[in-house]
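Summary of structural features
Each chain, written out:
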Amino acid sequence: AQSVAQPEDQVNVAEGNPLTVKCTYSVSGNPYLFWYVQYPNRGLQFLLKYITGDNLVKGSYGFEAEFNKSQTSFHLKKPSALVSDSALYFCAVRDIAAAGNKLTFGGGTRVLVKP
Amino acid sequence: GAGVSQSPSNKVTEKGKDVELRCDPISGHTALYWYRQRLGQGLEFLIYFQGNSAPDKSGLPSDRFSAERTGESVSTLTIQRTQQEDSAVYLCASSLAWTYHNEQFFGPGTRLTVL
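The next thing to look at is the overall build of chain A. A tally of regular secondary structure across chain A gives zero helices and 12 strands. When the helices and strands of chain A are read in sequence order from the N terminus, they spell out β-β-β-β-β-β-β-β-β-β-β-β. Relative to the globule expectation of 13 Å for 115 residues, the C-alpha radius of gyration of chain A, 14 Å, shows essentially globular dimensions. Its C-alpha atoms put chain A at 45 × 30 × 20 Å along the principal axes. Taking all 115 residues of chain A together, 47% fall into the buried category. Across chain A, every contact between residues at least 6 apart in sequence was considered, and the portion connecting residues at least 24 apart equals 57%. When the accessible surface of chain A is split by element, carbon and sulfur atoms take 49% of a total near 5300 Å².

Take a look at the structure:
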């Protein structure tokens, strides 16, 4: 079975400071990992994904994430947060060894960037 | 280009009634997914379609839930004899193919309230 954990329900950060949103995963095979962002009253938007290759993945809006196989983590980062980054962030995993094609999502982390 | 669209955006119904939720995927996307998002929680996988077939129905909560897809395009999620616990946002997503690394593009969701 595949699972994802986002240990923080909410992250508060001042504008201009670094932002980190944590994600750990569990799969039986190799993972495909994704980050999505959900703004109020809008659908989820894709930010970035890790498939293979470089552990540091760069995505939309200045976000990046680092895949760490030994720690089974895929933390989302942004060097300098903006107020407009305030939203709900979801990490998701797909186990390429498992049958089916579903994404398993974490519970989400609410990010609040204060001016 | 046009994204994934869903209708209605909001649906209020009485317990015991049937409801139909519609999803129009991005043109050319052969894979289509349904998720449920309860208030304050992450996304729960319901079903996915590869073309018009549904290889994985494992997430459907009960036999009151069903879904179909026609013309490798529009999909309908039907909930019969709705219960209050069915209240949630129902999200639809599509992707270019069902392969594991393709990101999913989400619609804005249908907010279902069962009174």
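So, on to the environment of Leu-82 of chain A. All names here are of chain A. With respect to the helices and strands, the residue Leu-82 is situated in the loop between β9 (73-78) and β10 (87-95). Here the alpha-carbon distance between Leu-82 and Asp-95, two residues 13 residues apart in the chain, equals 33 Å. When sequence neighbours within four positions are dropped, the list of residues in contact with Leu-82 reads Glu-15 and Val-113.

Let us now look at the state of the cysteines. All names here are of chain B. Inspection of the entire model under this criterion finds two disulfides over all chains. A sulfur-sulfur distance of 1.8 Å marks the disulfide that ties Cys-23 to Cys-92. Every disulfide takes its handedness from the sign of the S-S torsion; for Cys-23 and Cys-92 that torsion is -65°, giving left-handed. Taken together, the residues Cys-23 in strand β3 (residues 19-24) and Cys-92 in strand β9 (residues 88-95) connect sequence positions 69 residues apart. The class for Cys-92 is buried, based on a relative accessible area of 0%.

The rules we used
- Residues numbered from 1 in each chain as written.
- Chains lettered and ligands numbered in written order.
- Predicted model: local features only at pLDDT ≥ 70, side-chain atom pairs only at ≥ 80, totals over all residues.
- Heavy atoms only, no water.
- Helix = DSSP H or I, 4+ residues; strand = E, 2+ residues; numbered from the N terminus.
- Rg over C-alpha atoms; globule rule 2.2 N^0.38 Å.
- Buried < 20%, exposed > 50% of the residue type's maximum accessible area, 1.4 Å probe, protein only.
- Contact = heavy atoms within 4.5 Å.
- Areas by Shrake-Rupley, 256 points an atom, 1.4 Å probe, with all protein chains shown as cover.
- Disulfide = S-S within 2.5 Å.

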